[in-house]
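Structural characterization, general
Here is how the chains run, residue by residue.
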Amino acid sequence: MLTNNDILKKLRVAHKLRDEHIVEILKLADFEITKGALGDLFRAEDHPKYVDAGDQILRKFLDGLIIHLRGERPRKGKEKRLTH
């Protein structure tokens, strides 16, 4: 079974993302992380500084990745309406 860490690693490789890109993508989803803390997520599971990626960081990364790839979603209620 894939862990959240494995999913993050696979997405990083698939999208050819560097650590600084991932930090910026997470910022798009209002999640701040340092490059050092991010590196702990990508360590081998048996490394002493390995950290499990929780559901929140994976969710925020996916949200940020959507914004990164597609752009901001238009806000509801601020759409232009036609008037006659």
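See the structure printed just above.
Residues numbered from 1 in each chain as written. Predicted model: local features only at pLDDT ≥ 70, side-chain atom pairs only at ≥ 80, totals over all residues. Heavy atoms only, no water.

**Thoughts on the overall build of the protein**
A count of helices and strands for the protein gives 4 helices and 0 strands. Secondary structure elements of the protein, listed N to C terminal, follow the sequence α-α-α-α. Over its C-alpha atoms the protein spans a radius of gyration of 16 Å, topping by over 25% the 12 Å that the globule rule assigns to 84 residues. Dimensions along the principal axes, computed over C-alpha positions, put the protein at roughly 65 × 25 × 20 Å. Classification of the 84 residues of the protein by burial places 29% in the buried group. For the protein, contacts bridging at least 24 residues in sequence account for 61% of all contacts bridging at least 6. Looking at charge distribution, the protein has the averaged site of its 18 positive side-chain charges lying 7 Å from that of its 14 negative ones. (Helix = DSSP H or I, 4+ residues; strand = E, 2+ residues; numbered from the N terminus. Rg over C-alpha atoms; globule rule 2.2 N^0.38 Å. Buried < 20%, exposed > 50% of the residue type's maximum accessible area, 1.4 Å probe, protein only. Contact = heavy atoms within 4.5 Å. Lys, Arg positive; Asp, Glu negative; His and termini not counted. Charge placed at Lys NZ, Arg CZ, Asp CG, Glu CD.)

**Details of helix α1 (residues 4–14)**
Owing to its 3.6 residues per turn, the α-helix brings residues three or four apart onto one side. Taken as a whole, α1 has its buried residues at N4, N5, L8 and L11. One side of α1 carries all its buried residues, which in axial view fall inside an arc of 130°. Seen from the open side of α1, the exposed residues pointing more than 90 degrees away from its buried face are K10, V13 and A14. Summarising the contacts, the buried residues of α1 are in contact with α3 (35–41) and α4 (55–70). Just beyond α1, the residue with positive phi is K16, at close to 55°. (Arc of directions from axis to C-beta.)

**With respect to the packing of helix α2 (residues 19–28) against α4**
Two elements in contact, α2 and α4, have axes whose closest approach is 7 Å; the angle formed by their N-to-C orientations is 90°. Classified by the angle between their axes, α2 and α4 sit roughly perpendicular to one another. Mapping the contact onto sequence places I22, I25, L26 and L28 in α2 and I57, K60, F61, G64, L65, I67 and H68 in α4. Broken down by class, the residue content of the contact of α2 with α4 amounts to 8 nonpolar, 2 polar and 1 charged. (Axes fitted to C-alpha atoms, helices over the stretch in contact; angles between N-to-C directions. Parallel < 35°, antiparallel > 145°, perpendicular 65-115°, else oblique. Nonpolar A, V, L, I, M, F, W, Y, C, P; charged D, E, K, R; others polar.)

**Focus: the side chain of N5**
On the secondary structure map, N5 appears in helix α1. Since its relative accessible area comes to 2%, N5 is described here as buried. At 2.9 Å, the side chain of N5 and the backbone oxygen of V51 are in polar contact. What N5 contacts, discounting residues up to four positions off in sequence, is L41, Y50, V51, D52 and A53. (Polar contact = N/O pair within 3.5 Å; in protein donor to acceptor, adjacent residues only side chain to side chain.)

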